[in-house]
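# Observations on chain architecture
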Amino acid sequence: MMFSQARGLPVVTLGEADQLGVVKSLAVDTASGRVTHARLTGARGRKELTLPWDAFHAFGPDAVLVRSDRAPDAAAPPEPTPHEALRAKVLTEDGDERGTVKDVSFDPATGRIGTVCTALGEIPGDRLLGLGDYALVVRTG
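Figured I'd write up the structure that's included with this text. (Residues numbered from 1 in each chain as written. Predicted model: local features only at pLDDT ≥ 70, side-chain atom pairs only at ≥ 80, totals over all residues. Heavy atoms only, no water.)

## Details of the pattern of salt bridges
Using the following cut-off: Whenever Lys or Arg places a side-chain nitrogen within 4 Å of a carboxyl oxygen from Asp or Glu, that contact is recorded as a salt bridge. A run of H or I in DSSP becomes a helix once it reaches four residues, and a run of E becomes a strand once it reaches two; helices and strands are each numbered from the N terminus. Buried, partly exposed and exposed residues are distinguished by accessible area as a fraction of the type maximum, computed with a 1.4 Å probe on protein chains only: under 20%, between the cut-offs, and over 50%, respectively.
The final tally for this structure, using the stated rule, is four salt bridges. K24 is the partner of E48 in a salt bridge, and the nearest nitrogen-oxygen pair spans 2.6 Å. In this pair, E48 is assigned in strand β4 (residues 48–52) and K24 in strand β2 (residues 19–29), connecting sequence segments 24 residues apart. For E48, a relative accessible area of 30% gives the class partly exposed.

## Points about the sheet that holds strand β8 (residues 97–106)
Here is the rule: Two strands make a pair as long as DSSP finds a minimum of two bridges between them. Helix axes are fitted to C-alpha atoms over the stretch in contact, other axes to C-alpha atoms as well, and angles between N-to-C directions run from 0 to 180 degrees.
Pairing in this open sheet of six strands is mixed, and the strands run β10-β9-β8-β7-β12-β11 from one edge to the other. Edge positions in the open sheet fall to β10 (121–124) and β11 (128–131), since each of these has one partner strand only. Across this sheet, the average inter-strand angle for adjacent strands is 40 degrees, counted without regard to direction. In this sheet, β8 lies alongside strand β7 (residues 89–92) in antiparallel orientation, the contact comprising two bridges. Residue pairing in the sheet places K89 in a bridge with T100 of β8.

Geometric values such as these leave the question of function open.
Here it is as structure tokens:
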């Protein structure tokens with residue numbers, strides 16, 4: 001599945017089918033090469049909501065399911081906003097520019113990153129080194 005395909009999917013609880021919002025973006029942990037969080041918009045009672053990956057039951061083509069016991073508590077403090085990969089500048093560890101992130105493929109069952117698609121080609125997920133406010137840093141090819 002691609003990040004662009006996940007964006008806009010409704011997020012609902014597994015047991016009650018309560019809609020929590022829609023996927024706005026996915027965040028990546030470069031050390032593990034996995035999706036760590038999803039940011040939702042239109043969340044009930046909040047402008048945005050951030051859910052950890054382990055809250056999700058399944059990502060499908062039409063919706064994302066969240067385990068009911070992991071649905072967020074409206075009174076709970078918000079999760080910190082993780083860095084987003086889409087539209088980030090891509091730099092090698094040597095400082096060479098490799099375009100910008102156009103899309104990212106991931107395994108919807110595990111969250112493992114497959115490839116990062118840039119304007120200059122694809123980069124395997126196992127080459128990710130770091131992601132910050134400014135750029136996604138990758139191992140030199």
